[in-house]
Amino acid sequence: MVIERPSPLGPLTPPQAPARAPVSLQTVAGLLRGLDGRQRRAVTHGDGPLLVLAGPGTGKTHVLTRRIAWLIATRRARPSQILALTFTARAADEMQGRIDELVPYGYADTAIETFHAFGDHLVREHALRLGLPLEPRLLTRAEIVCLLREHLFELGLERYRPLGDPTRFLAALVGLFERARQEDIAPGDWAAFAAGLGPGSGSAEVDPDREALEAAAAAQGELAGAYAAYERLLGQAGAIDFGDQVALAVRLLREQPDVRADVGRRYRYVLVDESQDTDPTQLALLALVAGPAANVTAVGDDDQAIYGFRGARAGLGGLRRTFPGARLVALRRNHRSRGPILEAAGRLISHLDDVPAGLASRPREVQALVRRARPIPLVARAFPTTDAEAAWIATTIAERVRQGASAGRHAVLVRANADAIPILRALDGEGLPSWFSGASGLYQRPIVRELLSFLRVAADLERSIDLWSLASGEAYGLGGPTLTLLLQEARRRRTSLWAVMEGAAADSGAVRLVGSQGRAFRRLLADLRVASDLAHRRPATEVLFDHLKRSGRLARLAAAGPAAEATLADVGAFFDAIRRLSELLPDPRLPVVVPHLAGLVAAGDAPAADDEGPGDAVAVLTVHKAKGLEFPVVFVAGLADGRFPARGRPPAIPFPEGLQRPLDATAGPGEMVAEDPLAEERRLAYVAFTRARDELVLSWAVRGGGRRARRPSPFLAEALDAPAPLPEMSSSTAASLVEGLAPPPEAPAPPPPRARGRLDLSFSQLDTYGTCPLQYRYRYVLGLPTPDHHLLSFGSAMHAAVAAYHRAETQGLVLDEASLEAALREAWRPEGFLSAEHEAARFASGLAALRRFRAQRLSAGATAPAAVEAPFAVLLGRDRVRGRYDRVDETSEGPVITDYKTSDVRDVRTAQRRAGESLQLAVYALAYEAAEGRAPAAVQLHFLDSGVVGRVSPTEERLERARQTIAATGAGIRAGAFEATPGPFACGHCPFRQICPQSVAP
C-alpha cells in the first residue's frame, strides 16, 4: 500500500440536531404516560451517569426504550447519537421494535446492538489500524479447535500436549483463551504474571514449597506462550475470535486517541441493558465509549447475574466504581408476577449475602402490582423418577388444554439441555405441541452422523465402520442378512468391508448380491467411487453436495414437507460448518478436511435454536434461554441436588485467580473474594421462578439418568420456607428403578424458525421470494445447502477488493496494483469453478477489471466515498429491511448510492434500463430516505467488467412499487405462502432445480 495523496477527510464534526420540526409537548407527555415515579425519574434523567437497579418484572426494558424515545423527542440527541448495548440479539430486536412503536416519525438509525456486534463494527471499520485484513474472518469455537489442531506443535506446549493424547487439552485451551479475552488480559500480562511466580520473586523467597511454586510458574509460562502463539495464528489466518470483537475494540480505543474522540462525538448517550452481566473487557469498552461526559444509563439486577461462568463478574458494583458519581434509581414495583411467586423468589434470593458497597438500596424486596382475589398458591411436587415427573407435568398441561387453556401459556424450565429430553418425550406422548430452544448437539443428529460417515469413507474407502454406518443408514437402507454376511466375511478374511463389497459386486466373493439388495449395493459402490474421485479434485463442500443430490437424500427430504423441516435445517447447518472449516484450512479438499472432523465434533457446534416457539405450543427451555421471557404458567423441573443446583467438574485448566484484572484502577486484589459456589445457581433459580406471571410449579425426582438416588435441591426448602416434599415411594415400581439404565433417547431437533410478527428482510430475500416463494422456503426457511457456484465466488471476491480500495481512500490512501491484487487474492475462494483453468482465467479477468476500475478512479480525480459497505436497518412499513450500501458519495447534487455488479453489461443503454428496473436500488433509496430524512439524488449500478454505469433518480413511482413489494413479501412469508412459480428462466437458474418436484428446468 502506498500513500499517493493527503486525506480528503478532516476531523469529523459532531452530528447536528435533527433538521426537522420540533416534537410536540403532547408527544413528550405521551412517552411518560403510565410510568410510576421512579420510572419517570429514570426516563427523564439529564446528563451524567445513571444506574437503575431493576428487579425482575419492574419494567427495565420499558424504561430504557422510553428513555431513548424521550432523548430523541426532547431533541437532546439525534437517533444516530444514541447507542444501546445489550447481550443478546433477541433483546436488541425487542428493544428496536419497541422504539419503532414509540418514535413513529421516521427516525430509524439508533444503534441498538450487542456488545460483540458493536465491537465487531469498530474492529472492521478500523481493521487496517489493528493490523487486520479489511474483512477479518470470525471463527467459531469449533473452528478455533481445528486451527489449533492444525498448528498444535507451534504452540510451545509440553505439559498440556501429552504425546499419548496430544489434543486432549485443546478445548480447555480455547476456553482459557476466551476467559483471558473477557478479563482484558493480553499475552504480555500473562507472561508477566508467570514471571512473578518464579524464582527471585518475593513470594518465592518465603514460601517453603519452592518446588511447587516453580512448577506453577512454569505451567503459567507455558500457557502464556501458547496464548501468544494463538494470537499469532489468528493474525496469520486473517481471523478474529468471539472475544476479539470486544477486546480489539478496547485496544483500538485505548491506543488510537483520534478514533476514541470520533466515537465519543458519534455517541452522546450510551444505554446498557442487563448491565449486571458485563465482564471486565465489556466494562472497559463502555467506559472508553462513554468518555469523560459519561452519559451512561445502565439498568441491571445483581440477583439475576447468571453468567459468571463466562467471566461476567463486573456486576453493578463494577459499574458504580467505574462511574462513581452515578445517580441511583431503584425500581421496586413488579408488573409481572403475582404475590405468592414473588414471595417464594424473595425467600430464595434472601439467602445471598453479596450486596456490593454503595448498592444497599438494591430492590430485593419488590411489590407485586398484579393482584387477584384468590392468588394461586405455589405448588411443589416430588416423584420417584424423572420419567414420572415428566409424565405428571405433561398430563397436567394436557388436562388444562382439554379444559380450554392454550398450550402456549405453559413453559417448562430445566437446568440443562439433557433435562429437557424426558419432558419433550412426555409432551409428545400426550399429543401436545412443544418447542425446545436449547442446543442439543448438531453432530449427534442421525442425518449428520450419516453425513460424517460419508465424508470419512469418501476420503478413505477402507474405513469399514463408517462404510457400514453409511450403508445401513437411511440414504441406502442396506442391512439385514446380506450386510451381516459381508461384515462376517470381512472379519474372517481380515480385510476391509469395501474390499468384500467390491468382490461381492463382481460375483467373485463368498457372498452373492442378488435382486434389489444387489442393485442397492452396486449403487452405493458406484456413488462412493464417484465421491472418492471427486474428493481428490474438488472442495469438500462440492463432494458433500454431490452425495446429497446423487443419493436422492436431498430431494426426498425436500418433498417430505413439514415433517422433514428440522432434518433439512440440520443438513444446512452441517453443510455450512464444513464450508467454513474448508475455508480455514490450507486446502479445501476432503483428505485435508477429514482429519479435522473429530475436532469439529468434539467442540460441539450446535445449530442456532429458535428463541420463539411456533405458535401455540408448550415452551421447554433451559433457564439461561428463558432469561428475558415470561409465561403465565411456569413449571421448574429437575430441582434435585446435583442437577439444580448443578455441581459441575472444575475446568481442565482453571483460569488463575491472580491473573484476574481489578475491575477499575482503584480496586485491589483484596476485593476479589471467592464467591459461594451455589450463589450463581441460586440466582439462576431466582431467574427461573420470576419468569412466571400467574402460577409457579416446582418439582424434583429421586432418580434420573443413573442409579444413584438424589436429594431435593436446597432451593426448594429455601423458597418454600419448609421442608421439601418427598415422593410417595409406593409408586416406585421395578421398572422405574431401572429406567436410569436405559440409554438416553436422541435429543429432539428444534423446529426451524417460523415467521412471526415483524420480519427482518434483506434484498436477497425479497428478490428470491419474488422469483419463487418455494425457492425462498428452501433457502431461508429450511436452510437447504446450495451447490457452490463460480459466479458467487467471483462476485464476492470482487466486492471485497473494491471495498478494500474504497476504505483505503477514506484514509487518504490509494492502493497500488499489487495491493489491489493482494486484496482480491485474500478474498478469493476456489469453490464452484469448473476446473483449475476456469478458475485461473476468471481470476485474471477479475484482476484486469480491478485495474481498469483503479485507473478510472484516478483519471477522474475521484474523492473518497462518504461511506463504504455501510450497513443499514430501517423499518419500511411493517417489516425491517437490512442491507449494506456498497458505496455512498456526497456530491453537489446530493447523496449518490452505488451498487457494484459483476454481470456482463457493456453498453450504457442496457445499464440504464437495468438501473431503472432494479428493485435493489429502489430499496436502497427507501432505506436511505428513512434513515437520513432525505432521498438520495441518484442511485446507480456500476458494472465492473466493463466500467459502464447505469444511473437513475429515485422517482416516487419506483419507490412506491418497492414499498408494495416489501409489504407483499412480508405478508406472504407470514402467511406461509410458499407456492412454486415455475418457469424456464427461474427454474433454469434455481440452485434447487434438481430436487424441486415442480421444476420445469430441463
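Residues numbered from 1 in each chain as written. Predicted model: local features only at pLDDT ≥ 70, side-chain atom pairs only at ≥ 80, totals over all residues. Heavy atoms only, no water.

## A word on the overall build of the chain
In step 1: What the chain contains, in helices and strands, is 40 helices and 22 strands.
In step 2: Going through the 1002 residues of the chain one by one, you find that 54% of them count as buried.
In step 3: If you take every contact in the chain between residues at least 6 apart in sequence, the share linking residues at least 24 apart comes to 79%.
In step 4: Total accessible area on the chain is roughly 42,200 Å²; 53% of this is exposed by carbon and sulfur atoms. (Helix = DSSP H or I, 4+ residues; strand = E, 2+ residues; numbered from the N terminus. Buried < 20%, exposed > 50% of the residue type's maximum accessible area, 1.4 Å probe, protein only. Contact = heavy atoms within 4.5 Å. Areas by Shrake-Rupley, 256 points an atom, 1.4 Å probe, with all protein chains shown as cover.)

## Considering the packing of helix H11 (residues 244–255) against helix H13 (residues 280–290)
In step 1: Following both chains from N to C, one finds H11 and H13 inclined at 35 degrees, their axes separated by 9 Å at the closest point. As H11 packs across H13, the resulting crossing turns out to be left-handed. Of the residues in H13, those touching H11 at Val246, Ala247, Ala249, Val250, Leu253 and Arg254 are Thr281, Gln282, Ala284, Leu285, Leu288 and Val289. (Axes fitted to C-alpha atoms, helices over the stretch in contact; angles between N-to-C directions. Left-handed = near helix turned anticlockwise from the far one by under 90°.)

## Quick word on the confidence of the model for the chain
In step 1: For the chain, per-residue confidence averages 81 on the pLDDT scale, and residues scoring 70 or more make up 84% of the total.
In step 2: For residues 664–674, every residue scores under 50 in pLDDT, and the model assigns this stretch nine contacts once sequence neighbours within four places are set aside.
In step 3: Of the regions scoring below 50 in pLDDT, residues 730–753 engages in 42 contacts with residues more than four places distant in sequence or in other chains. (pLDDT = per-residue confidence, 0-100.)

## Some thoughts on the sheet that holds strand S11 (residues 379–385)
In step 1: On the basis of which strands lie adjacent, the open sheet formed by six strands has the order S11-S16-S15-S12-S14-S13 and parallel pairing. Bordering the open sheet on either side are S11 and strand S13 (434–436), each of which pairs with just one other strand. The average angle at which neighbouring strand axes cross in this sheet is 20 degrees, direction not considered.
In step 2: Bridge analysis of S11 against strand S16 (residues 692–703) gives six bridges, and the strand direction is parallel. Bridge assignment links Ala382 to a residue of S16, and that residue is Trp700. (Pairing = 2+ DSSP bridges.)

## So, the packing of aromatic side chains
For any two aromatic rings, the description comes down to two numbers: the centre-to-centre distance and the angle of the planes.
In step 1: Overall, the coordinates contain 23 aromatic pairs when judged by the stated rule.
In step 2: When the centroid spacing of 6.3 Å and the interplanar angle of 75 degrees are considered together, the rings of Phe545 and Phe575 count as edge-to-face. You can see Phe545 sitting in helix H23 (residues 540–550) and its partner Phe575 sitting in helix H25 (residues 565–584), a full 30 residues away along the chain. The two residues Phe545 and Phe575 agree in class, both being buried.
In step 3: Centre to centre, the rings of Phe794 and Trp828 are 6.2 Å apart; their planes meet at 80 degrees, and the pair counts as edge-to-face. With Phe794 in helix H34 (residues 790–810) and Trp828 in the loop between helix H35 (817–827) and helix H36 (836–859), the pair connects residues that are 34 residues apart, well separated along the chain. The two residues Phe794 and Trp828 agree in class, both being buried.
In step 4: Ring pairs connect the aromatic residues Phe177, Trp190, Tyr227, Tyr230 and Phe655, which therefore count as one cluster. (Phe/Tyr/Trp six-rings, centres within 6.5 Å; stacked < 30°, edge-to-face > 60°.)

## Quick look at the sheet that holds strand S3 (residues 111–114)
In step 1: On the basis of which strands lie adjacent, the open sheet formed by six strands has the order S3-S2-S6-S7-S1-S8 and parallel pairing. Edge positions in the sheet fall to S3 and strand S8 (327–331), since each of these pairs with one other strand and no more. Strand-to-strand, the axes of this sheet are offset by a mean angle of 15 degrees, without reference to chain direction.
In step 2: Note: strand S1 (residues 50–54) against strand S7 (residues 296–300), four bridges, orientation parallel.

## Some details on the pattern of salt bridges
In step 1: All chains considered together, the criterion is met by 56 salt bridges.
In step 2: Residue Glu222 pairs with Arg159 through a salt bridge whose shortest N-O separation is 3.3 Å. In this pair, Glu222 sits in helix H10 (residues 210–237) while Arg159 sits in the loop between helix H6 (141–150) and helix H7 (170–182), placing the two residues 63 residues apart along the sequence.
In step 3: Taking the relative accessible area as the measure of exposure, Glu222 reaches 9% and is therefore buried.
In step 4: Here Glu231 ties to Arg181 by a salt bridge, and the two come within 3.0 Å at their closest N and O atoms. Note that Glu231 is positioned in helix H10 and Arg181 in helix H7, a separation of 50 residues in sequence.
In step 5: With a relative accessible area of 31%, Glu231 lands in the partly exposed category.
In step 6: Overlapping salt bridges, with partners in common, bring together Lys60, Asp273, Glu274, Asp277 and Lys627 in one network. (Salt bridge = Lys/Arg side-chain N within 4 Å of Asp/Glu carboxyl O.)

## A few points about the packing of helix H19 (residues 464–472) against helix H21 (residues 497–505)
A pair of packed helices is characterised by two quantities: the angle between their axes and the separation of those axes.
In step 1: At a minimum axis separation of 8 Å, H19 and H21 run at an interaxial angle of 55 degrees. By the criterion of interaxial angle, the relationship of H19 to H21 is oblique. For the pair H19 and H21, contact is made by Ser464, Leu467, Trp468 and Ala471 and by Leu497, Trp498 and Met501, respectively.
In step 2: Split into classes, the residues belonging to the contact of H19 with H21 amount to six nonpolar, one polar and no charged. (Parallel < 35°, antiparallel > 145°, perpendicular 65-115°, else oblique. Nonpolar A, V, L, I, M, F, W, Y, C, P; charged D, E, K, R; others polar.)

## Quick notes on the pairing of S16
In step 1: With ten of its twelve residues buried, S16 lies for the most part within the structure.
In step 2: The sheet contact formed by strand S15 (residues 631–636) and S16 spans five bridges and is parallel. Across the sheet, Phe631 pairs through a bridge with Ala692, a residue of S16.

## Remarks on the environment of Thr88
In step 1: Considering the arrangement of structural elements, one finds Thr88 in the loop between strand S2 (82–86) and helix H4 (89–102).
In step 2: By relative accessible area, Thr88 is classed as partly exposed at 34%.
In step 3: C-alpha separation for the pair Thr88 and Glu113, spaced 25 residues apart in sequence, amounts to 8.4 Å.
In step 4: For Thr88, the side chain forms a polar contact with the main-chain nitrogen of Ala91, separated by 3.0 Å. (Polar contact = N/O pair within 3.5 Å; in protein donor to acceptor, adjacent residues only side chain to side chain.)

## Focus: the environment of Gln304
In step 1: Structurally, the position occupied by Gln304 is in the loop between S7 and helix H14 (315–322).
In step 2: With relative accessibility at 2%, the residue Gln304 sits in the buried group.
In step 3: Considering only alpha carbons, one finds Gln304 and Ile349, 45 residues apart in sequence, at a separation of 9.8 Å.
In step 4: Among all residues touching Gln304, those that are not within four sequence positions of it are Ala54, Gly55, Pro56, Gln276, Asp277, Lys627, Arg683, Tyr686, Val687 and Arg691.

## Some words on helix H38 (residues 919–932)
In step 1: Compared with an ideal rise of 1.5 Å per residue, which puts 14 residues at 20 Å, H38 spans 20 Å between its outermost C-alpha atoms and is within 8% of the ideal.
In step 2: Counting buried positions along H38 yields eleven of 14 residues, so the element is predominantly enclosed.
In step 3: Along H38, the residues classified as buried are Gln920, Leu921, Ala922, Val923, Tyr924, Ala925, Leu926, Ala927, Tyr928, Ala930 and Ala931.
In step 4: Backbone nitrogen of Gln920 and a side-chain oxygen of the N-cap are separated by 3.3 Å at the start of H38; the cap is Ser918.
In step 5: Looking one or two places after H38, you find Gly933, whose phi comes out positive at around 80 degrees. (Expected span 1.5 Å × (residues − 1).)

## Some details on the side chain of Ser496
In step 1: Residue placement: Ser496 occurs in the loop between helix H20 (480–493) and H21.
In step 2: Looking at Ser496, the relative accessible area reads 6%, which means it is buried.
In step 3: At a separation of 2.8 Å, a polar atom in the side chain of Ser496 contacts the side chain of Glu462.
In step 4: Separated by 3.1 Å, the side chain of Ser496 and the backbone nitrogen of Ala499 make a polar contact.

## Brief notes about unusual backbone geometry
In step 1: Residues Phe644 and Pro645 are joined by a peptide bond in cis, for which omega reads 15 degrees.
In step 2: In this fold, Pro645 is placed in the loop between S15 and helix H29 (679–689).
In step 3: For Ala294, which is not glycine, the phi dihedral falls at a positive 50 degrees.
In step 4: Here Ala294 lies in the loop between H13 and S7.
In step 5: Overall, Ala294 belongs to the buried group, its relative accessible area being 10%.
In step 6: The phi angle at Arg494 is positive, at roughly 55 degrees, despite the residue not being glycine.
In step 7: Mapped onto the elements of the fold, Arg494 is located in the loop between H20 and H21.
In step 8: Judged by its relative accessible area of 80%, Arg494 falls in the exposed class.

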